[in-house]
Amino acid sequence: MTSISLTRPSLPLRGRSFRALVLAPETPLGDWFSHLDALVQRSPTLFSERAVILDVSGLAKDSLRGDAAGSEAAEPAEDDHDAAAATPDIAGLVDELKQRGIRIMGVEKAEPAWLGPALPPLLSGGRPAAMAEPDADVAEAKPPEPVKPPEPRKPNSLVLETPLRSGQSVYHPEGDVTVMGSVASGAEILAGGSIHVYGALRGRAIAGAGGNPRARICCRKFEPELIGIDGLFRTADTTDPKLRKKAVQVWLEGETLRMAALD
């Protein structure tokens, strides 16, 4: 009899501690929010990307809902409905803080009945930690430094001392390509700048690759299979037969490739 045992994949759980800021509201809440707004105005980044705990131990148990604006406490409750209405408005506090860009991750020293499912969880066991009061000059957000435009690329030319044989390919996107000899049929040059051939151009020459309409192609003997500048191309059968075997320059004029003899 064959037995098969199945193992449940493990789910690693780890403990981790973080330092958090604690806000402890006090009544009247209107005055407390005024002090908080003044602090945020002096130090706009004080609560940015920081964990914040709400300590409600300083709120009077008879604080009415809606007291976030600093209203007076109501008369003592006489029934269960009034007693529920007399609990601190934790949801209102959390919403007021959220509108100021302060997100509460937990509530401390509150009765479990004060917190609903939509509110941050009840926390306990926190230990006090020293934290210096922010200095307005240091904590104040610094204006972003201006972004420097990228420095223009310096011209970078590639010089080939030997002829380019059939099947060879040269790709130089940073600048000009100069061939001291000829470019054989079946060879290819792809340059970000101009192409200069001091011999016969019988292969493919593509200049201005990557967007350079000012690039040119110059050769001593014009017999190309294909020429192109900045995405516009001509094949051998679409070039002027009168330019064959002559010294020629090719340039881009608008959306048209122009060719002319250099002699």
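This text goes with the structure placed above it.
Residues numbered from 1 in each chain as written. Predicted model: local features only at pLDDT ≥ 70, side-chain atom pairs only at ≥ 80, totals over all residues. Heavy atoms only, no water.

A.B. asks: Before we go on, may I ask you to explain the nonpolar core in this structure?
C.D. replies: Where a protein is soluble and globular, its nonpolar side chains tend to be buried together. In terms of nonpolar packing, the biggest core is built from 26 residues, with Val 183, Ile 195, Leu 201, Ile 217, Phe 222, Ile 229 and Val 250 touching the most fellow members. Counting residues per element, the ones that place at least two in this core are strand 7 (177–179), strand 8 (188–191), strand 9 (195–201), strand 10 (204–207), strand 11 (217–222), strand 12 (226–229), strand 14 (248–253) and strand 15 (256–261). Contacts of Leu 201, omitting those with residues within four sequence positions, involve Val 183, Ile 217, Cys 219, Lys 221, Phe 222, Glu 223, Pro 224 and Ile 227. Listed in part, the 24 residues of the second largest apolar core include Leu 39, Leu 46, Leu 59 and Val 94. (Core = buried A, V, L, I, M, F, W, Y, C linked by side-chain atoms within 4.5 Å. Buried < 20%, exposed > 50% of the residue type's maximum accessible area, 1.4 Å probe, protein only. Helix = DSSP H or I, 4+ residues; strand = E, 2+ residues; numbered from the N terminus. Contact = heavy atoms within 4.5 Å.)

A.B. asks: Help me understand helix 3 (residues 90–99), please; the structure alone is not making it clear to me.
C.D. replies: Along an α-helix, a turn takes 3.6 residues, which lines up residues three or four apart on a common side. Within helix 3, burial applies to Ile 90, Gly 92, Leu 93, Val 94 and Leu 97. Summarising the contacts, the buried residues of helix 3 are in contact with strand 1 (21–23), helix 1 (29–42), strand 2 (52–55) and strand 3 (104–108). Phi turns positive one or two residues past the end of helix 3, at Gly 101, with a value near 80°.

A.B. asks: Is there a simple way to think about the pattern of salt bridges in this case?
C.D. replies: Pairing of side chains with opposite charge becomes possible as their charged atoms draw close. A full pass over the atoms with the stated rule returns 7 salt bridges. The shortest N-O distance in the salt bridge between Arg 202 and Glu 223 comes to 3.1 Å. In this pair, Arg 202 sits in the loop between strand 9 and strand 10 while Glu 223 sits in the loop between strand 11 and strand 12, placing the two residues 21 residues apart along the sequence. On the accessibility criterion, Arg 202 (33% relative accessible area) is partly exposed. A salt bridge links Glu 225 to Arg 204, with the shortest nitrogen-to-oxygen separation between them at 3.4 Å. Placement of Glu 225 in the loop between strand 11 and strand 12 and of Arg 204 in strand 10 is noted, with a sequence separation of 21 residues between them. What makes Glu 225 partly exposed here is its relative accessible area of 28%. (Salt bridge = Lys/Arg side-chain N within 4 Å of Asp/Glu carboxyl O.)

A.B. asks: Teacher, can you tell me more about helix 1 here?
C.D. replies: The first and last C-alpha atoms of helix 1 sit 20 Å apart over 14 residues, in line with the 20 Å expected at 1.5 Å per residue. Considered for burial, the residues of helix 1 that qualify are Leu 29, Trp 32, Phe 33, Leu 36 and Leu 39. Seen end-on, helix 1 carries its buried residues on one side only, within an arc spanning 120°. Of the exposed residues in helix 1, those oriented more than 90 degrees away from the buried face are His 35 and Gln 41. Against strand 1 and helix 3 lie the buried residues of helix 1. (Expected span 1.5 Å × (residues − 1). Arc of directions from axis to C-beta.)

A.B. asks: Explain the packing of aromatic side chains here, please?
C.D. replies: Given two aromatic rings, one states the distance between the centres and the angle between the planes to describe the pair. Under the definition given, this model contains 1 aromatic pair. On the numbers, 5.1 Å between centres and 75° between planes, the contact of Trp 32 with Phe 33 is edge-to-face. Residues Trp 32 and Phe 33 agree in their burial class; the two are buried. (Phe/Tyr/Trp six-rings, centres within 6.5 Å; stacked < 30°, edge-to-face > 60°.)

The values reported here are purely geometric and, on their own, carry no functional implication.
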